[in-house]
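Secondary and tertiary structure notes
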Amino acid sequence: MVKEEDVMHIAELADIGISAGELKKFTEQFNAILEYFDILDTLEIKEKLERPLVNVFREDEVIESITQEEALRNTHNPEDGYIRAPKVV
């Protein structure tokens, strides 16, 4: 069983702000989810489930795109054929 302190710790790790009013509801929901996993753990699997591997990705296709000049047309300050971006420190 998950305690409110555990939920607060998980919320801090996930950088999710949970108010004191929401804490009880989140704790109840978290425990309800874990109860479903307990139910799944009781199921007996007689056969091993094997599924074939299927590639769901399509082949890469070369298609026409915009030219470099067209891409730079909307920039405010291109530099040497590239889009100039502000420095990030």
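Right above here is the structure, for reference.
Below is a summary of the structure that appears in this document. The numbering scheme is per chain: residues are counted from 1 as the chain's sequence reads. At least 70 in pLDDT is required for a residue's local features to be given in this predicted model, at least 80 for side-chain atom pairs to be given and counted, and no such filter applies to totals for whole chains, interfaces and linings, which use all residues. In computing side-chain values, all of the structure's heavy atoms are included and hydrogens and water are not.

**Concerning the overall build of the protein**
In terms of regular secondary structure, the protein is built from 3 helices and 0 strands. Strands are runs of DSSP state E lasting at least 2 residues, helices are runs of H or I lasting at least 4, and numbering of each runs from the N terminus. Listing each helix as α and each strand as β along the protein from the N terminus yields α-α-α. In terms of overall dimensions, the protein is more spread out than a globule: its C-alpha atoms have a radius of gyration of 26 Å, far above the 12 Å expected for 89 residues. Each principal axis of the C-alpha distribution contributes one length, and for the protein these read about 60 × 45 × 20 Å. A radius of gyration in this sense is built from C-alpha atoms; the matching globule rule multiplies 2.2 Å by the number of residues raised to 0.38.

**Some points on the environment of Ile 83**
Along the chain, Ile 83 falls in the segment after helix H3 (68-72). Working definition: with a 1.4 Å probe on protein chains only, accessible area under 20% of the residue-type maximum means buried, over 50% means exposed, and in between means partly exposed. For Ile 83, a relative accessible area of 57% corresponds to the exposed category. Through-space distance from the C-alpha of Ile 83 to that of Ala 71 is 8.6 Å; in sequence the pair is 12 residues apart.

**Some details on the pattern of salt bridges**
Throughout this description, the term salt bridge denotes a Lys or Arg side-chain nitrogen within 4 Å of a carboxyl oxygen of Asp or Glu. Taken as a whole and assessed by the stated rule, the structure comprises 1 salt bridge. With a closest N to O distance of 2.7 Å, Arg 84 and Glu 79 form a salt bridge.

**Quick notes on the environment of Lys 24**
With respect to the secondary-structure elements, Lys 24 resides in helix H2 (residues 20-41). Sequence separation between Lys 24 and Val 7 is 17 residues, and the spatial gap between their C-alpha atoms is 9.3 Å.

**Here we look at the packing of helix H1 (residues 4-13) against H2**
Two quantities define a packed helix pair, namely the angle between the helix axes and the distance between the axes. Fitting a line to C-alpha atoms yields each axis, with helices limited to the stretch in contact; the angle taken between N-to-C directions then spans 0 to 180 degrees. For the pair H1 and H2, interaxial distance at closest approach is 9 Å and the crossing angle is 95 degrees. In terms of their interaxial angle, H1 and H2 are classed as roughly perpendicular. Within the contact between the two elements, H1 uses Glu 4, Val 7, Met 8 and Ile 10 and H2 uses Leu 23, Lys 24, Phe 26, Thr 27 and Phe 30. Polar here means any residue outside two lists: the nonpolar Ala, Val, Leu, Ile, Met, Phe, Trp, Tyr, Cys and Pro, and the charged Asp, Glu, Lys and Arg; Gly therefore counts as polar. When grouped by side-chain class, the residues that make up the contact of H1 with H2 number 6 nonpolar, 1 polar and 2 charged. Geometric relationships in this document are graded by angle, where less than 35 degrees denotes roughly parallel, more than 145 denotes roughly antiparallel, 65 to 115 denotes roughly perpendicular, and other angles denote oblique. Whether two residues are in contact is decided by their heavy atoms: any pair within 4.5 Å suffices.

**Observations concerning unusual backbone geometry**
Positive phi outside glycine occurs at Asp 15, with the angle close to 55 degrees. Checked against the element boundaries, Asp 15 lands in the loop between H1 and H2. Classification of Asp 15 by relative accessible area gives exposed; the value is 72%. If you check the backbone angles, Asp 80 has positive phi at about 50 degrees while not being a glycine.

**Topic: a nonpolar patch on the surface**
Residues Ile 33, Leu 34, Phe 37, Leu 40 and Leu 43 make up a contiguous nonpolar surface patch of about 490 Å² in total accessible area. Take Leu 34: it is sitting in helix H2. By relative accessible area, which is 33% here, Leu 34 ends up partly exposed. The patch calculation keeps residues exceeding 30% relative accessible area without a salt bridge and links them within 9 Å when they carry like charges or within 5 Å when they are nonpolar (Val, Leu, Ile, Met, Phe, Trp, Tyr). Computed with the Shrake-Rupley method and a 1.4 Å probe, the accessible areas treat only the protein chains shown as cover for residues.

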